[in-house]
Number of protein chains: 2
Amino acid sequence: MRPDLPSQKVDQPATLATTIYARLKADILTTRLEPGRKLQSRFLMEQYNVGQTPLREALNRLTTEEFVVGMEQRGFYVKEVSKEELQELTKTRCWVEGLALRESMQNATQAWEEALLVAHHRLDRTLRSLKPDTFEDNPDWEKVHRAFHATLIGLCGSRPLLGFCEQLADRLYRYRMMSIAKAYPARKVGAEHSDILQAVLARDGEQAVRLLQQHYQRTADVIYSDLDGLLA
Amino acid sequence: MRPDLPSQKVDQPATLATTIYARLKADILTTRLEPGRKLQSRFLMEQYNVGQTPLREALNRLTTEEFVVGMEQRGFYVKEVSKEELQELTKTRCWVEGLALRESMQNATQAWEEALLVAHHRLDRTLRSLKPDTFEDNPDWEKVHRAFHATLIGLCGSRPLLGFCEQLADRLYRYRMMSIAKAYPARKVGAEHSDILQAVLARDGEQAVRLLQQHYQRTADVIYSDLDGLLA
DNA sequence: TAAAGCAAAAATTTATAAATAATTGGCGGC
DNA sequence: GCCGCCAATTATTTATAAATTTTTGCTTTA
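Keep in mind that what you see is a predicted model, and the values were worked out from it rather than measured.

### Details of the protein's contact with DNA strand C
Thr-15, Leu-16, Gly-51 and Thr-53 of chain A together with Gly-75 of chain B are the nearest of the 19 residues found near DNA strand C. It is helix α3 (residues 52-64) of chain A that provides the largest number of residues to the surface near DNA strand C, a total of three residues.

### Quick word on the sheet that holds strand β1 (residues 38-39) of chain A
All names here are of chain A. Spatial strand order, β1-β3-β2: three strands in an open sheet with antiparallel pairing. Edge positions in the sheet fall to β1 and β2 (68-71), since each has one partner strand and no second. Summarising the sheet, β2 and strand β3 (residues 75-78) pair through four bridges and their orientation is antiparallel. Following the sheet pairing, Val-68 is matched in β3 by Val-78.

### Quick notes on the nonpolar core
In this structure, Ala-208 of chain A together with Ala-208 of chain B are the most contacted members of the largest nonpolar core, which totals 72 residues. With nine residues, helix α4 (residues 83-106) of chain A is the single largest residue contributor to this core. Contact partners of Ala-208 of chain A, with chain neighbours within four places excluded, come to Leu-101, Met-105, Ile-196, Ala-199 and Val-200 of chain A.

### Side note on the interface of chain A and chain B
Listed by partner, the interface residues are 26 residues for chain A and 28 residues for chain B. For the side of chain A that touches chain B, the elements supplying multiple residues, two or more each, are α3, α4 and α7 (159-183) of chain A. Ranked by residue count, the leading element in the side of chain A that touches chain B is α3 of chain A, at seven residues. Its residues assigned to classes, the side of chain A that touches chain B shows nine nonpolar, nine polar and eight charged.

### Examining unusual backbone geometry
For Gln-73 of chain A, which is not glycine, the phi dihedral falls at a positive 70 degrees. Relative to the helices and strands, Gln-73 of chain A is located in the loop between β2 and β3. Since 9 C-beta atoms lie within 10 Å of it, Gln-73 of chain A is described here as exposed. Look at Arg-203 of chain B: it is not a glycine, yet its phi comes out positive at around 60 degrees. Relative to the helices and strands, Arg-203 of chain B resides in the loop between α8 (189-201) and α9 (205-231). With 11 C-beta atoms packed within 10 Å, Arg-203 of chain B lands in the exposed category.

Conventions and cut-offs
- Residues numbered from 1 in each chain as written.
- Chains lettered and ligands numbered in written order.
- Predicted model: local features only at pLDDT ≥ 70, side-chain atom pairs only at ≥ 80, totals over all residues.
- Near = placed C-beta within 6 Å.
- Helix = DSSP H or I, 4+ residues; strand = E, 2+ residues; numbered from the N terminus.
- Pairing = 2+ DSSP bridges.
- Core = buried A, V, L, I, M, F, W, Y, C linked by C-beta atoms within 7 Å.
- Buried ≥ 20, exposed ≤ 12 C-beta atoms within 10 Å, placed from the backbone.
- Contact = placed C-beta atoms within 7 Å.
- Nonpolar A, V, L, I, M, F, W, Y, C, P; charged D, E, K, R; others polar.

Geometry only, nothing functional implied.
This is the structure:
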């Protein structure tokens, strides 16, 4: 019984569980589902129009990734945020991406340097905010920003490490979303990215790592001070 | 009352999903469920005496941890092994635990050094094999061995990093299980652990890191050569 | 004769729904 | 304060339906 008309699912067969997993993750990272919120099955079922099975499968996946906390016999909650976690995540990211960038630069190829140049160029000409005065997150910018950072460490030679970096990026993204409106447009992140690129192209590994870590640390510092008000 | 158990929800009555998750994970790591095997729902349901729901929840958790591969609409499989992955995991573990050990040593306290000493002592007086001639894995040894390595990096100050190290240890454990019978008792791992302990107590960070990485690399080398026969 | 193409059949996975069991947390009585 | 009952929620089973993959077998073609 094959359908006569090919649906869009023929090319990309995704299960409902995978779809709802992606939607939940996105909603948690953007804080549309705010930290600490209880994720009741009834609420989620009508909110996302899915049954229990794919929903619980999605929640279980998110649990192992620490975006959701599962209390045995007491349901699921969106993972809380805290200044302590922000610091730990930032510190860890500085360590691990520092490592990965060093390795990446040792494996550097011409193609990689060119890809990095392109990634930076795209980042450079993408607007941070959709509106000029008030801040409205530009999803395109998030995409190219992430691509730039992913390219930096992409040649480190360890898929497990890259996966870990991605998870750290996700978990920190949520913190960034919480305070980003305030920080805009005080900071010149564009310059920081350019400086990192310069150091990489100049083959100055130590400087590149230092700048990258500084970049992450500065971001965390801004969020950290905002978090006082946000958690109050 | 009860001592703080590190980051796990052990004191709660576990759900079936959590129980079956642990059992499946153990069976995969010990290769009782061999790499590449298809995990059919019917088979697992009667093998472990559980219903669909907790089973699928467990499989979904294992998927995000890379112990199980889920092919959309085509079921679940035990993650394959490969020499490439063995190398990547080992390399990554050397990098990351090297980092973590350095940090740990910088945060060293007297209590930590004493805990490490005790952990090593327990490891030292636990038999590697249950039988003197042929090899039969002693689960107690695995436990104290893991505890020793966990203590080494335990003071690094990053729970995310410790979680990542634990996952790397799990994933490498399976490779160790595959070839451990052969390697026994050729190698003197006891001496390697003692050397690491000595270096830590002597506060020689660089030496300790070097020895730890050598320890992991040697293990991988033994497995690597065995893997030719095992994958044939 | 073999190989390739197809389509129906079988098997399996995925999802929904409903019923049951088990657990938590609150409320009131003592 | 403590104990037990009650309501709400979660966890699990079972049954079934829907969707998709895999197998099978037939027909056509070279």
